[in-house]
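One letter stands for each residue in the lines below.
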Amino acid sequence: MTEAPCERRTSPSKRMRLDVTASDFAELEHLHPYGALPGGNVFFAEQARSAIRPSDLLPDDDAWLHILGYCNGRDLGCLVRSCRYFYVAGHSPELWRDLVLRQCEKRAIRNVGPTWKDTYVKLFYSETIPPHRPMSIPGIYSDTLYRLHSCRSFSIPKVWLDRSPTDTLERVSVNDLTVSQFKSRYEKPNIPVLIEGAAKDWKAFERWNRPEYLLQHAAGRTFRTTSGVAPLPGNFSLDAYLKYCESTILEEAPLYLFDRTALEPGSHLWNDYMEDLKSSCPYWDPELMKSNGHDLFQVLGEGRRPDHTWLIAGPKRSGSVFHIDPNCTHAWNAAICGRKRWIFYPPGVTPPGVHPSADGDEVTLPLSVGEWIFQFWDEHMQRKQSAPLHERPLECTAMPGDVIFVPHGWWHLVVNLDKMNIAITHNYVSDSNLSNTLKFLETKVDQISGCRDREESIKPEHLSEEFKKALKQQVPELLSEALKVPTWTCRAWKDAEAPKKSVIEQAKEAGPCPSFSFSFL
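Here the structure is a predicted model, which is why all the values come from computation and not from measurement. (Residues numbered from 1 in each chain as written. Predicted model: local features only at pLDDT ≥ 70, side-chain atom pairs only at ≥ 80, totals over all residues. Heavy atoms only, no water.)

Looking at the packing of aromatic side chains
The geometry of an aromatic ring pair is captured by the separation of the ring centres together with the interplanar angle, meaning the angle of the planes.
Here is step 1 of the chain: In this structure the tally under the stated criterion is 34 aromatic pairs.
Here is step 2 of the chain: Judged by centre distance (5.0 Å) and plane angle (80°), the rings of Trp64 and Phe86 are edge-to-face. Note that Trp64 is positioned in helix 3 (residues 61-68) and Phe86 in helix 5 (residues 84-89), a separation of 22 residues in sequence.
Here is step 3 of the chain: Within the aromatic cluster, the residues linked to one another by ring pairs are Phe25, Phe154, Trp160, Phe322, Tyr345, Trp372, Phe374 and Trp377.
Here is step 4 of the chain: Note that Arg221 overlies the ring of Phe223, its terminal NZ or CZ placed 4.4 Å from the centroid.
Here is step 5 of the chain: Looking at Arg317, its charged tip hangs above the ring of Phe154, at a distance of 5.6 Å from the centre. (Phe/Tyr/Trp six-rings, centres within 6.5 Å; stacked < 30°, edge-to-face > 60°. Helix = DSSP H or I, 4+ residues; strand = E, 2+ residues; numbered from the N terminus. Lys NZ or Arg CZ within 6 Å of the ring centre and 35° of its normal.)

Brief notes about the sheet that holds strand 5 (residues 256-259)
Here is step 1 of the chain: Read from one edge to the other, the open sheet built from nine strands follows the order 1-2-13-8-15-6-5-3-4, with strand pairing classed as mixed. Each edge of the sheet is formed by a strand with only one pairing partner; in this case those strands are strand 1 (171-173) and strand 4 (234-237). The mean angle between the axes of side-by-side strands here comes to 30°, regardless of whether they run parallel or antiparallel. (Pairing = 2+ DSSP bridges. Axes fitted to C-alpha atoms, helices over the stretch in contact; angles between N-to-C directions.)

Section: the pattern of salt bridges
Here is step 1 of the chain: According to the stated counting rule, one finds 34 salt bridges in the structure shown.
Here is step 2 of the chain: Put simply, Asp276 and Lys203 hold a salt bridge, and the shortest N to O gap is 3.3 Å. One end of the pair, Asp276, is in helix 14 (residues 274-280); the other, Lys203, is in helix 10 (residues 203-207), with 73 residues separating them in the sequence.
Here is step 3 of the chain: On the accessibility criterion, Asp276 (17% relative accessible area) is buried.
Here is step 4 of the chain: A salt bridge links Asp418 to Arg339, with the shortest nitrogen-to-oxygen separation between them at 2.6 Å. Highlighted residues: Asp418 in the loop between strand 14 (411-416) and strand 15 (420-428) and Arg339 in the loop between strand 8 (330-337) and strand 9 (340-345), separated in sequence by 79 residues. In this structure, Asp418 and Arg339 share a single accessibility class: buried.
Here is step 5 of the chain: Salt bridges here are not isolated pairs; linked through shared partners, they connect Arg163, Asp167, Arg171, Glu196, Arg341, Lys384, Glu395 and Asp402. (Salt bridge = Lys/Arg side-chain N within 4 Å of Asp/Glu carboxyl O. Buried < 20%, exposed > 50% of the residue type's maximum accessible area, 1.4 Å probe, protein only.)

A word on the packing of helix 8 (residues 143-153) against helix 16 (residues 369-386)
Here is step 1 of the chain: Packing of helix 8 against helix 16 leaves a shortest axis separation of 8 Å and a crossing angle of 105°. One way to sum up the angle between helix 8 and helix 16 is to call them roughly perpendicular. Facing Arg147, Ser150 and Cys151 of helix 8, the residues of helix 16 in contact are Gly370, Glu371 and Phe374.
Here is step 2 of the chain: Taken together, the residues that form the contact of helix 8 with helix 16 break down as two nonpolar, two polar and two charged. (Parallel < 35°, antiparallel > 145°, perpendicular 65-115°, else oblique. Contact = heavy atoms within 4.5 Å. Nonpolar A, V, L, I, M, F, W, Y, C, P; charged D, E, K, R; others polar.)

Re the side chain of His412
Here is step 1 of the chain: Tracing the backbone shows His412 in strand 14.
Here is step 2 of the chain: A distance of 3.1 Å separates the side chain of His412 from the side chain of His323, its partner in a polar contact.
Here is step 3 of the chain: For His412, the side chain forms a polar contact with the side chain of Asp325, separated by 3.2 Å.
Here is step 4 of the chain: The contact partners of His412, leaving out residues within four places of it in the chain, are Val321, Phe322, His323, Asp325, Trp342, Ile343, Phe344 and Val406. (Polar contact = N/O pair within 3.5 Å; in protein donor to acceptor, adjacent residues only side chain to side chain.)

Function cannot be read off these values alone, since they describe shape.
What follows is the structure, encoded as structure tokens:
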């Protein structure tokens, strides 16, 4: 009989609750492919003496995984045959992923196998070697190995898969939203909203759900993928990336296709949505910049402006950990294929587990969606239920065809819920956030992104000056209004505080004071 991890069971009555609890994620979709179990299970093992725990070898398996990360493919392949523990630890997908990415730094990944180890073998040895078949090894008890697997295999709560009362983000039908309503109700007051069905009539919505169509129009090019825990980005052919997404043994934070060049103006994929966007969501029509005050970075010219539009794709449980969008921009995100769960925290309200530096230049936080869920979900639910109303997080599931408006300064986390998820996202500046963007470009130069690695783009140290110059030439009235705003209007940012003066400096400024002496009565 196969030993299973000790799990905390919940009663049927609790499962009927609408709010998602931490236990809803704990029933993993798959057992660990190599049989690793939580460390505490060793106390219930029938043959505890034969159990192997990391403390038997080194203080913990984080140390072992770090050591194994120095192995090349041949050495790691030999090591996994030396003992039970190394067989399980040495097949961690992160180890083989890092080997592939480091050796493919300057080449595209065009062939993948069922696991990262198979991909390594295909790329650097032989495509005819049969795929690796994981064996379940008894007696391996490791919290680290089991946690990594839990983060890549946690259950998706059923209430997330459809519209439900757990959704607290406002929804509005695309047919009920005019340009003036969008700007007055959401963009100007900086409030996120889900626009139902906004992308359902786009050609992209029908065409991109057919893999053969995407493969036809992506032939010969590669797509950039990233992960918060991967040492390097990976460049995949689309065919190889789609096969990677089908794997059942992905890493803790799967590689996320986040490509800035796939939707360049005039490209075939760009034509699949742009005219339809103008029709269904005229408030985001780039041609109405002067009359509508939308997408003001256009004044710089296409190649000179910061990156702004991305094609996004990823497998189930991939996504983005908490972040604020770059350069003080708003964004819209259209779900073309697959469902997405969104969690928002208002500007100035830091999500649990997220620790930004005082100037916002650095952020410490869990590096995967799964890790954040397992560590901080209970605290998140407490805030959702009991924090002051203006500080409570908002949640929703975006169904295919829905579009989310993401205002500037809002923290947000996104989880992909289906086997394959494809989206379009666009970041922009409008008259509603222009004053804050100008302050950001002037005072947060080190945090400006999207223009450092392209030769034709305006570099961060010149972006503020060039943006103001172009605004003055093309939309001077908008620039004039924005410059009249003296302070930040979004709580995500604040003016730098003057350094505190020392006690001596304060005393000097206070002037002469009466002398002090001890007096005994």
